[in-house]
2 protein chains.
Amino acid sequence: MAKVKPENEDSPKREAILDAALELFAELGYHGTTVPQVADKAGVGAGTLYRYFENKEALVNALFQKWKRELARQIMERFPVEQPVRTQFHEIWKRAAGFATRHPRALDFLELHHHGSYLDAASIAVEQELLIPIYAFAENAKRLQQLKEISAEILGALVWGGFMGLVNAARKGFVTLDKKTFDHAEECMWQAIRR
Amino acid sequence: MAKVKPENEDSPKREAILDAALELFAELGYHGTTVPQVADKAGVGAGTLYRYFENKEALVNALFQKWKRELARQIMERFPVEQPVRTQFHEIWKRAAGFATRHPRALDFLELHHHGSYLDAASIAVEQELLIPIYAFAENAKRLQQLKEISAEILGALVWGGFMGLVNAARKGFVTLDKKTFDHAEECMWQAIRR
DNA sequence: CTCCTTGGAATGAACGTTCATTCCGTAACT
DNA sequence: AGTTACGGAATGAACGTTCATTCCAAGGAG
C-alpha cells in the first residue's frame, strides 16, 4: 500500500550499493564513476540499482545526506553543555578525529563533493545541521569571553579547515593520523581561537 | 620538422583555452566538463584545442602545473630571508591572501583537483615546489625557537588548511574575503603555530 | 509430500544519447 | 602556389537508463 520502493530503508542491497558508491565516488569523483562500476562493486546487477535509487543523481544525494548527517550526529550527540569551553572544544575535536579514523572514505567523499552542481536543495540544507550547533558553541564561548572577538564564521572556517588540512596531508602521506598528531593539532587550533 | 606544437608557448588561443578550462574545471570538475564546452568558451573550434594540447588529460595537467607554479612563485618570490619570523609569516599570509583575491578560480581549481587520477607524475611533482620552501621556513623558525615543537608537516597542514577553509567558507557565502577577515585569520593562525 | 501458480525482485543486453577525438574542406598567411 | 592554422561535422566508444526476461520464495491444490 504505502510501499513505493521495494525496501524503503535498511536493505542489505541498498547498503551494499551505498558502500560501493562511497568508495568509488571518494576516489574517482561523481562524474568519474560509472553506474555499472558501482553495481559491480556492490555485487548487484546494473538494473537493480534503479530499484533503490531513482537515478545516479539521487544516489549521490542520498549518500551525501547520509554521511553529513552521520558526521553531525557523531559530533553533536550528547554534547557536554555544562562543561567548560575548553572541555567542549576538546570533545568536538576528539569526536571529529574519531570520525576521521573510523570513516576516512566518508570524509574524503564529503570534502570532494561539498560543491557540485548535482547536489540538490535537501543536500545543501543538511550542511546547516552541523553548522548551526557549531556556531552556537562559538557564540556562547565568546559570550563567556573565552574566545577571540572574531566572527564565529571565521573561527569555524579556520578550525574545520585546519582539521581537513590534516586529513588531506595524511592522504598524501605527509603525516599519520595517530593520537599524538591529533593532540598536537588540537592544542594548536585551541591557541588559534582562544582569547 | 621539429615543431610538434604550432606555438609552443605564449599564444593568444592557447591562453584563451587555458582560461576557459580554468573556469569550467573549477566549477564543474574535470569529468563534468566537456571539451566542446571549453572550446566554445575559449572562442575556438573543438579541433583547434588539439593543436595546442595532446588531449583533455594533457590540458588539465598543463593547467594544474601552471597555477601551482604561479602560486608557489607569488608566495616565495623575493622571500624576506633576513626578517624576523613573525614578519616572514605575515608576508606568506599576505601573499596567499593576495593570490586568493586576484585568482579565486585558480584556488578553487587547485583545491578541487589536488587529488585526481588524471594528474600525471609531473603535476604531482610540482606540489614539492611550494612545500619545500614552506617546510624550510618552518624548520628554520623552529630552530630559532619561535614555533611550537611540532613537526613542520602538521603546522603546515593546519595553516594551509585554515587558509583554504576560509576560502571555502567565502565561496559558500559565510564570510567575505576582505582585509579585516584576512588580518583576523592571520592573527589566529599565528597563535596556532607560535611557541 | 509434490506440483503448479503467482508476483515481486533481480538481471544484463540493448537503446538512445553524449563524449573525446579525428578528419577534411576552407581561410589565412608567406 | 604552398604551407600552416582553423573550425565544426563526423565518428566510434562509452555512458546512463530501460525493459523484456529470469529467478525464487511462498502458498494453494491435489
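The sections below set out a description of the structure shown in this document. Sequence positions are assigned chain by chain, starting from 1 and proceeding in written order. Chains and ligands are labelled by the order in which they are written, letters from A for the one and numbers from 1 for the other. This being a predicted model, a pLDDT of at least 70 is required before a residue's local features are given, and a value of 80 or more before pairs of side-chain atoms are given or counted; all residues contribute to the totals for chains, interfaces and linings. Based on all heavy atoms of the structure, the side-chain values leave hydrogens and waters out of the count.

1. Topic: the pattern of salt bridges
In step 1: Any Lys or Arg side-chain nitrogen located within 4 Å of an Asp or Glu carboxyl oxygen qualifies as a salt bridge. Applying the stated criterion to the full structure yields 32 salt bridges over all chains.
In step 2: Between A:R69 and A:E129 there is a salt bridge, with the nearest N and O atoms lying 2.6 Å from each other. Residue A:R69 is found in helix α4 (residues 56-76), and its partner A:E129 is found in helix α7 (residues 121-143); the two are separated by 60 residues along the sequence.
In step 3: Here A:E139 ties to A:K142 by a salt bridge, and the two come within 3.9 Å at their closest N and O atoms. Of the two residues, A:E139 and A:K142 are both situated in helix α7; the distance of 3 residues between them amounts to about one turn of the helix.
In step 4: Linked by salt bridges that have partners in common, A:K68, A:E127 and B:K172 make up one network. Helix and strand assignments follow DSSP, with helices taken as H or I runs no shorter than four residues and strands as E runs no shorter than two, numbered in order from the N terminus.

2. Quick look at the side chain of A:N61
All names here are of chain A.
In step 1: Topologically, N61 is positioned in helix α4.
In step 2: Burial status follows relative accessibility: with a 1.4 Å probe on protein chains alone, a residue under 20% of its type maximum counts as buried, one over 50% as exposed, and anything between as partly exposed. A relative accessible area of 4% means that N61 is categorised as buried.
In step 3: One polar contact links N61 to S123, side chain to side chain, over a distance of 2.6 Å.
In step 4: Apart from residues lying up to four places away in sequence, N61 is in contact with Y118, L119, D120 and S123. Polar contacts here mean pairs of N or O atoms no more than 3.5 Å apart (in protein, one a potential hydrogen donor and the other a potential acceptor; neighbouring residues in sequence count only if both atoms are side-chain atoms). Should any heavy atoms of two residues lie within 4.5 Å, those residues are considered in contact.

3. Digging into the interface of chain A and chain B
In step 1: Every contact between the two is made by 35 residues of chain A and, on the other side, 35 residues of chain B.
In step 2: Computed with a 1.4 Å rolling probe, the buried area is the accessible surface lost when two parts are put together, summed over both parts. Overall, the association of chain A and chain B removes approximately 3,100 Å² of surface from exposure, summing both partners, and the carbon and sulfur fraction of that is 72%.
In step 3: At the boundary of chain A with chain B, the tally comes to 2 salt bridges.
In step 4: Those elements giving two or more residues to the side of chain A that touches chain B turn out to be α6 (104-113), α7, α8 (152-171) and α9 (179-193) of chain A.
In step 5: Broken down by element, the side of chain A that touches chain B gets its largest block of residues, 12 residues, from α8(A).
In step 6: Class assignment of the residues belonging to the side of chain A that touches chain B gives a composition of 17 nonpolar, 12 polar and 6 charged. Residues are grouped as follows: Ala, Val, Leu, Ile, Met, Phe, Trp, Tyr, Cys and Pro are nonpolar; Asp, Glu, Lys and Arg are charged; all remaining types, including Gly, are polar.

4. Some remarks on unusual backbone geometry
Residues and elements named next belong to chain B.
In step 1: One non-glycine residue with positive phi stands out, namely R78, at about 45°.
In step 2: Inspection of the secondary structure puts R78 in the loop between α4 (56-76) and α5 (85-102).
In step 3: Residue R78 is classed as exposed on the basis of its relative accessible area of 71%.
In step 4: Positive phi values are uncommon outside glycine, yet Q145 reaches one of about 60°.
In step 5: With respect to the helices and strands, Q145 occurs in the loop between α7 (121-143) and α8 (152-171).

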